[in-house]
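So you can see what is in the structure, the chains are spelled out below.
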There are 2 protein chains.
Amino acid sequence: MPRVSMADVAAHAGVSAQTVSRVVNGSPRVDPQTRARVEDAMVALGYRIHRAAQALRTGRTRTIGLVVSTLATVGNSRMLQAVCAAAEARDYAIVVVTATADSGIRPAFSRLHDRAVDGAIVLNEATRLVQLAGTTGDMPLVVVDAEPAAHLVTVQTDHADGARAATAHLLAGGAATVHHLAGPADSFAAAERERGWRAALAEAGAVVHEPVRGDWGSTSGAAAAVLLGDATAVFAANDQMALGLLHGFADLGRRVPDDVAVVGFDDVPEAVDYLPPLTTVRQDFDALAERAVARLIDLAEGTGARDAASGSVAEVLAAELVVRDSSRPAAGG
Amino acid sequence: MPRVSMADVAAHAGVSAQTVSRVVNGSPRVDPQTRARVEDAMVALGYRIHRAAQALRTGRTRTIGLVVSTLATVGNSRMLQAVCAAAEARDYAIVVVTATADSGIRPAFSRLHDRAVDGAIVLNEATRLVQLAGTTGDMPLVVVDAEPAAHLVTVQTDHADGARAATAHLLAGGAATVHHLAGPADSFAAAERERGWRAALAEAGAVVHEPVRGDWGSTSGAAAAVLLGDATAVFAANDQMALGLLHGFADLGRRVPDDVAVVGFDDVPEAVDYLPPLTTVRQDFDALAERAVARLIDLAEGTGARDAASGSVAEVLAAELVVRDSSRPAAGG
DNA sequence: ACCCGGGGTGTTATCGTCAACACACCGAGT
DNA sequence: ACTCGGTGTGTTGACGATAACACCCCGGGT
């Protein structure tokens, strides 16, 4: 049973292939009766458009590349899911390519170029890789969580403000100052969260201890606990490292939140069942993905929407503090 | 700067487009000097093959569809990453489509059909959806973690054996019997893990309490703790539910592992930092993905490899018990 | 009667690649 | 000399969709 082409449908409906094309693409210049006949034929034969042929002719694939460094972080995998949903709603498909630290970003873009994707969304914490991306190709690009820059469309959570809120919350809870377990040095999100933390300390006139640096993984959080032995409040740059802190502090015999309060970032689904349940900053991944996809498709289909559709070059979405027991000393323990 | 085609390269190298095609596809019938000239021209012009055109001509896209119900479970997102890596190593790309419970699997396959993928890997815990898949299309298919069946190539972890090992471990630790916090009723993996648990109890002649059923999420695990108030050992069908159990038991004042031992399944990266660190059964997602991709490409490129390459219809990979504190009463607490 | 405009439809050419075939050349066997 | 097999290369014609253009028909204005 070979593929059904427009010509087959056309023959069945007694029209030309061009008319079938017009029906498929919703052209208004088709007689309603003809349209109905063609639609019946499409159903009868089980017609499906051949995207490869369409892509060859039009130069557009209705496909978006997603460049991702890793899916091991919960944030990235949730973003992927949200991006898929947003793209499917617009009849676009997502091609995932990985750009690891050692492979670099170039082979990833090379693959996307081969595939003639209409654009790419970069989900990559390493700012320097993004700068390489500027070098690579003339492909429409939306970068998530990267330093805003000229010629670069970015979408991001307001990491700094979320971090500020988390830190202020800890200070309000009675801590003299707040220590910080930061993310990797090359991550934009980590830098922003650190910036927000510093700002909150500065506002309150609190002492600033240099942050300890982790790698997003929970194990690095557990290791950091030892270095934070004298802290009474710690803001961790993500939930997984915060979990590690909970573990590390428990091993040291320090009770959370009574001896030390802990706050994370992301609000992963499991955070509510950590011991104790984790106070954290919630990112709205669905909204972030939705905006990224919308912006990218604007760019890709842009009929010169450089001014109208894409008013601002950087889009920033609010984050929300979620208070749970890990920062609530009075938690009926 | 428009796209560089084979014709452009051909003109630059003073040969025909067909010769360029032969060079690109590594045909042996090309003079080494000619080949070198063409390769130089490709580099000079920055030639990249146009996959859409290639797909139109050959009917093959070097693209694999990945049908996934959700990426919220750690297992699925790790599988996705591993599948990407395995596919990229073979110069295939991955297109992700989601098949939620309410949308059903049909629109997902519809999208893949449009995209003319060479085959699909189904990562879907709901067995019934997979049966629908049989209805859908003549596309080469590899199903991960599904009931082996005729005309169906499957790849799976040995869930039953892993569960058996986990249960036996708990019994060996001194428990009179082991309760089970099972996964959703429609999940093949959940059913297999339950089967392994039952088998281990039967071998030991232990009392069987009907399992409590969760939804893979940690919250359902926390809720289940209340129903398991008298258990001294619980085998949870995944790590996230086990985390919920740890939380629930803590709220009930039951100490893990002293009052009740807990074992999970998957070995998520964070399990080592749960409180206490979680004994669990490790799945080798990389190997699973590698096998799934290899089998699928065999099928897709199969020149009739029905007998040779695909000897067995179902492939089963071993799981490994990882013992940590949540099941080790003597853990120097 | 004539032209005009526009709705509805068909024809042609083309996107980039590759399979099939054609062909020119050369050295070896008869 | 004459076929023959093999090697290196060019030519032609699809694959399926669609942009551009051509065309027919019909009602309304002159």
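What comes next is a walk through the structure. (Residues numbered from 1 in each chain as written. Chains lettered and ligands numbered in written order. Predicted model: local features only at pLDDT ≥ 70, side-chain atom pairs only at ≥ 80, totals over all residues.)

For the rest of this paragraph, the subject is the overall build of chain A. Along the backbone of chain A there are twelve helices and twelve strands. What you see for chain A is a C-alpha radius of gyration of 25 Å, clearly larger than the 20 Å of a compact globule of 333 residues, by over 25%. Dimensions of chain A, computed from C-alpha atoms along their principal axes, come out at roughly 80 × 45 × 35 Å. When each of the 333 residues of chain A is scored for burial, the buried share is 53%. (Helix = DSSP H or I, 4+ residues; strand = E, 2+ residues; numbered from the N terminus. Rg over C-alpha atoms; globule rule 2.2 N^0.38 Å. Buried ≥ 20, exposed ≤ 12 C-beta atoms within 10 Å, placed from the backbone.)

Counting residues in hydrophobic clusters, the biggest one holds 189 residues, and the most contacted among them are Val83 of chain A together with Val83 of chain B. The contacts of valine 83 of chain B, once residues within four sequence positions are left out, are Leu66, Ile94, Ile121, Ala289, Ala292 and Val293 of chain B. (Core = buried A, V, L, I, M, F, W, Y, C linked by C-beta atoms within 7 Å. Contact = placed C-beta atoms within 7 Å.)

Neighbouring residues of DNA strand D: 25 residues in total, closest Met6 and His50 of chain A together with Ser16, Gln18 and Asp31 of chain B. Elements with a contribution of two residues or more to the surface near DNA strand D: α2 (17-24) and α4 (51-58) of chain A together with α2 (17-24) and α4 (51-58) of chain B. A per-class count over the surface near DNA strand D returns nine nonpolar, eleven polar and five charged. (Near = placed C-beta within 6 Å. Nonpolar A, V, L, I, M, F, W, Y, C, P; charged D, E, K, R; others polar.)

This part is about the sheet that holds strand β1 (residues 63-68) of chain B. Pairing between sheet strands relies on hydrogen bonds along the backbone, with the strands arranged either parallel or antiparallel. Overall, mixed pairing links the twelve strands, which are arranged β11(A)-β5(A)-β4(A)-β3(A)-β1(A)-β2(A)-β2(B)-β1(B)-β3(B)-β4(B)-β5(B)-β11(B) in an open sheet. Only two strands of the sheet have a single partner each, and these edge strands are β11 (314-317) of chain A together with β11 (314-317) of chain B. Across the sheet, the mean angle separating the axes of adjacent strands is 20° when strand polarity is ignored. Sheet analysis places strand β5 (residues 153-157) of chain B next to β11 of chain B, joined by four bridges and oriented parallel. Residue pairing in the sheet places valine 155 of chain B in a bridge with glutamate 315 of chain B of β11 of chain B. (Pairing = 2+ DSSP bridges. Axes fitted to C-alpha atoms, helices over the stretch in contact; angles between N-to-C directions.)

Moving on, we come to the pairing of β1 of chain B. All names here are of chain B. Among the six residues in β1, six count as buried, and that is most of the element. Here β1 shows no split at all, with Thr63, Gly65 and Val67 on one side and Ile64, Leu66 and Val68 on the other all buried. As paired elements, β1 and strand β3 (residues 119-123) share five bridges and run parallel to each other. Opposite isoleucine 64, over in β3, you have glycine 119 as the bridge partner.

With that settled, the discussion passes to the interface of chain B and chain A. On the side of chain A, 42 residues touch chain B, which itself brings 42 residues to the contact. Going through the elements one at a time, α4, α5 (74-89), β2 (93-98), α6 (106-114), α10 (218-227) and α11 (239-251) of chain B are the ones with two or more residues in the side of chain B that touches chain A. Class assignment for the residues of the side of chain B that touches chain A results in 22 nonpolar, twelve polar and eight charged. Relative to β2 of chain B, strand β2 (residues 93-98) of chain A is paired through three bridges, and the arrangement is antiparallel.

Another point: the sheet that holds strand β8 (residues 233-236) of chain B. Residue and element names in this part refer to chain B. Taken in spatial order, the four strands make up an open sheet running β7-β6-β8-β9, and their pairing is parallel. The open sheet has two free edges, formed respectively by β7 (212-213) and β9 (261-263), since each of these has just one partner strand. Here strand β6 (residues 179-182) runs beside β7; their pairing, made up of two bridges, is parallel. Within the sheet, the bridge partner assigned to leucine 181 lies in β7 and is valine 212. With respect to the sheet, helix α8 (residues 159-172) is in contact with β8 and β9, its orientation differing from that of β8 by roughly 165°.

So, about the environment of proline 276 of chain A. Residues and elements named next belong to chain A. With respect to the helices and strands, the residue proline 276 is situated in the loop between β9 (261-263) and β10 (280-282). Since 23 C-beta atoms lie within 10 Å of it, proline 276 is described here as buried. Each C-alpha atom of the pair proline 276 and arginine 255 lies 9.7 Å from the other, and the pair is 21 residues apart in sequence.

The next point concerns the protein's contact with DNA strand C. Neighbouring DNA strand C are 26 residues, the closest being Gln18 and Asp31 of chain A together with Met6, His50 and Ala53 of chain B. Where the surface near DNA strand C is concerned, the elements lending two or more residues are α2 and α4 of chain A together with α1 (6-13), α2 and α4 of chain B. Broken down by element, the residue count for the surface near DNA strand C peaks at five residues, all from α4 of chain B. Taken together, the residues that form the surface near DNA strand C break down as ten nonpolar, eleven polar and five charged.

Before going further, it helps to spend a moment on the relation of the copies chain B and chain A. Rotating chain B by 180° about the axis while translating it 0.1 Å along that axis superimposes it on chain A, leaving an RMSD of 0.1 Å. Overall, the copies show the geometry of a two-fold rotation axis. Most of the interface of chain B is mirrored in chain A, where 100% of its interface residues are also at the interface. (Least-squares fit on C-alpha atoms with pLDDT ≥ 70 in both.)

Interpretation in functional terms is not warranted from these geometric data alone.
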